[in-house]
Each structure stands twice: as C-alpha cells, then as structure tokens.
Amino acid sequence: MLELKDVKTHFPIKKGLIFTKQVDTVKAVNGVTLSIADGEILGLVGESGCGKSTLSRTIMQLIPATEGEITLEDINLTSLRKNEVRKHRLDFQMIFQDPYASLNPRMTVFSTLSEAITQRHPKLRKNKTKLTEAVITLMERCGLDPSFMQKYPHEFSGGQRQRIAIARALAPEPKLIIADEPVSALDVSIQSQILNLLLDLRRDLNLTMIFISHDLSVVRYLADNIAVMHKGEIVEYGDSERVFNQPEHAYTKRLLEAIPHLLTEA
Ligand SMILES: Nc1ncnc2c1ncn2[C@@H]1O[C@H](COP(=O)(O)OP(=O)(O)OP(=O)(O)O)[C@@H](O)[C@H]1O
C-alpha cells in the first residue's frame, strides 16, 4: 500500500555568522526503506529529534524528499508535479497529540466534520440531509453522541476532543492515517479508550496507520510491526512481539531497558 525506498530528507542550514556562505546539512531522515500493508498499523518509535515528524511530513508530501521514492498504491508520489501532489493530500490525514490545537475553536463539530467530508465529496455541500447523515455516522463510529454536533471543541473533555479529531481525520476517507503521539496528552484511563477506538476503527474500516509514539508499551498494544528510528535511520524493524521480546539493535535494547516493567512482563 505504501512503500518507501531509501527516502532522505535533508535540511541545509547556514553555519556561523549572517554573511557566511558555509552550509551544514541536517540529515533528519537519512535513507529510510519501509513498507506498510493495507490495514496495517506500523508503530514508529524513537527519541525526540530522531526524525519521526520529518518522516511523517515527507510521507504526506508536506516537505519534499531530498532523495528516494514514496509509492502509494503504485503511484510514485515523489515523481509527481506539485499540482498532481495536491490531489493526493486527502489520502493522508494526521491525528496530533493536542486535539485542541488541531481543531478550529470557532467551528462546531458539525462544521468541522462537514467541511472535511465535503473535501472528498463536494456534491454533498448541496445536500444537507445526506451531509448530516454522514456527520452522524462519523460521530457514532467515533463514540460521540450526535446530539452534540452543534457544540464547540471547548465544550468537550480532552478524550472527546481527541475523538472529534479522529472523526475529522477519517472524514475525507484517507488511505493512510498518521497518528503523532495521539494519546500522550491524555489521562491513562482515557488513553486506553482512545487506543481501543483506533483498534475498532482498524477492524471495521481496515484503516492503515502509522502510529508515532515514544511510549513503547502503547506501541506494543496497537502495532502489528514496529520501526525503531535513530538519528534519521530505521535501526530495527519487525513484528511487534519480536521487537519486544528479542530486540536485535543496541538502541532498541536501550529503549526497552528504559521501561523495566516491560521486560519483566515479556
Ligand atoms: N525545517 C528544518 N530545518 C532544519 N532542521 C530541521 C527542520 N525540521 C527538523 N529539523 C531537524 O531534524 C531533526 C529531526 O527532527 P524531527 O522533528 O523530525 O524529530 P522528531 O523525532 O519528530 O522529534 P520530536 O519527537 O521532538 O517531534 C532534528 O535535529 C531537527 O532539529
């Protein structure tokens, strides 16, 4: 479904004083090769600064890859012209850590979701009944009471706001969802509800997802496969349980040792 071949995203940065012409390169993503199957949840883990966000933004075509190939269902996105790339933007949707920041505070749930639905189905703009039905279906699917559709984000709890953000991400019927630390800002009890919602959605809609987290226990719960990223490279990749029980790379072992309870559990 999604293939990455030797993807590199490098940022040139000026070195030293204002008038200097010397340039350094930050190799934020440095030769990533990965594939994600239809309906798979891939966990992407690594410390802050290892390149997870840059890799997501490169996959979503928000920043151009310096080198390499990104193929979505046999379309080589890296070879497309800018206006052609735009057509594929809806195929990728993101869920962020802070739903409050990602939702427009001045828009009701209905406006937020209907705007996202009509990006994919513009004709629905003229059919309020069908649009409302689609909003209700999305809200129910994400465990939200549709009678709250005229409410604003601040009128919901943190967990419910994340459900709205998830519904918003699903609305344009994306091919891939990238969830960037989607439960890190939530209370532990709410975290599991949101993780279970994501698992239910994957089961019901065959969602394909990259789940980014620094929390390995969360990733283990959700992901089929795990990619461990370190200094712009994938240093370990494999089935979730294998990576947890028999980590091969020293960096993965270090990450696992940082959570001792996980080792005793395994
Ligand atoms: N636009 C940019 N220009 C220059 N350097 C950048 C740019 N964006 C990211 N970087 C650098 O690339 C490296 C990877 O950053 P990135 O944000 O992708 O890491 P991350 O793993 O997502 O970190 P975090 O978990 O803190 O978000 C960092 O060293 C960062 O400073």
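Every value quoted in this text rests on a predicted model; they were computed, and no experiment measured them. (Residues numbered from 1 in each chain as written. Predicted model: local features only at pLDDT ≥ 70, side-chain atom pairs only at ≥ 80, totals over all residues.)

A.B. asks: Describe the site of the ligand, with residues and values.
C.D. replies: Every residue near the ligand is listed here: F11, I13, V26, A28, G46, S48, G49, C50, G51, K52, S53 and T54. The set of elements that each furnish at least two residues to the shell around the ligand consists of β1 (2-14), β2 (23-36) and α1 (52-59). The element best represented in the shell around the ligand is α1, accounting for 3 residues. Looking at the shell around the ligand residue by residue, the classes come out as 5 nonpolar, 6 polar and 1 charged. (Near = placed C-beta within 6 Å. Helix = DSSP H or I, 4+ residues; strand = E, 2+ residues; numbered from the N terminus. Nonpolar A, V, L, I, M, F, W, Y, C, P; charged D, E, K, R; others polar.)

A.B. asks: So what's going on with the packing of helix α4 (residues 109-120) against helix α5 (residues 128-141)? Residues and values would help.
C.D. replies: Axis angle and axis distance: for two packed helices, these are the angle between their axes and the distance between the axes, and together they describe the pair. Orientation of α4 relative to α5, taken along the N-to-C sense of each, is 105 degrees, at an axis distance of 10 Å. Judged by the inter-axis angle, α4 sits roughly perpendicular to α5. In this structure, α4 contributes F110, L113, S114 and I117 to the contact, and α5 contributes L131, A134, V135 and L138. For the contact of α4 with α5, a count of residues per class yields 7 nonpolar, 1 polar and no charged. (Axes fitted to C-alpha atoms, helices over the stretch in contact; angles between N-to-C directions. Parallel < 35°, antiparallel > 145°, perpendicular 65-115°, else oblique. Contact = placed C-beta atoms within 7 Å.)

A.B. asks: Hey, could you go over the sheet that holds β2 for me, with residue numbers and the actual values?
C.D. replies: Spatially, the 4 strands line up as an open sheet ordered β2-β1-β4-β5, and their pairing is antiparallel. Two strands in the sheet have a free side with no partner beyond their single neighbour: β2 and β5 (75-76). One ladder, built from 2 bridges, connects strand β4 (residues 67-72) with β5; its direction is antiparallel. Residue T71 lies in a different strand from β5, and its bridge partner there is N76. Most of the contacts of α1 go to β2, to which it runs at about 65 degrees, and overall it touches β1, β2 and β4. (Pairing = 2+ DSSP bridges.)

A.B. asks: I'd like to hear about the pairing of strand β7 (residues 176-180), residue by residue, with values.
C.D. replies: Of all 5 residues making up β7, 4 are buried, and the element is well covered by its neighbours. In the sheet, strand β6 (residues 92-95) pairs with β7 via 4 bridges, with the strands oriented parallel. Each bridged residue has a counterpart across the sheet, and for I95 the counterpart in β7 is A179. Both β7 and strand β8 (residues 209-212) contribute to a ladder of 4 bridges, which runs parallel. Paired with D180 across the bridge in β8 is I212. Each parallel crossover has a hand, and the one from β7 via helix α7 (residues 188-205) to β8 is right-handed. (Buried ≥ 20, exposed ≤ 12 C-beta atoms within 10 Å, placed from the backbone. Right-handed = clockwise from strand over helix to strand, strands pointing away.)

A.B. asks: Please provide a residue-by-residue account of the environment of I136, values included.
C.D. replies: In this structure, I136 sits in helix α5. Sequence-wise, I136 and L55 are 81 residues apart; in three dimensions their C-alpha atoms are separated by 34 Å.

A.B. asks: So what about α5? Which residues, and what values?
C.D. replies: Note that an α-helix has 3.6 residues per turn; residues three or four places apart therefore point the same way. Taking 1.5 Å per residue, 14 residues should reach 20 Å; α5 reaches 20 Å between its end C-alpha atoms and fits that length. Taken together, the buried positions of α5 are V135, L138 and M139. Buried residues of α5, seen end-on, are gathered within an arc of 100 degrees and therefore sit on one face of the element. When the buried face of α5 is taken as reference, the exposed residues oriented beyond 90 degrees from it are T129 and E140. Looking at the packing, one finds that the buried side of α5 touches α4 and α6 (158-170). G143 lies just past α5 and shows a positive phi near 75 degrees. (Expected span 1.5 Å × (residues − 1). Arc of directions from axis to C-beta.)

A.B. asks: Provide a residue-level description of the packing of α6 against α7, including the pertinent values.
C.D. replies: At a closest axis distance of 10 Å, the pairing of α6 and α7 adopts a crossing angle of 20 degrees. Here α7 runs roughly parallel to α6, going by the angle between their axes. Along this stretch, α6 crosses α7, giving a crossing that reads as right-handed. Between α6 and α7, the contacting residues are G158, G159, Q162, R163 and I166 on the first element and I190, Q193, I194 and L197 on the second. (Left-handed = near helix turned anticlockwise from the far one by under 90°.)

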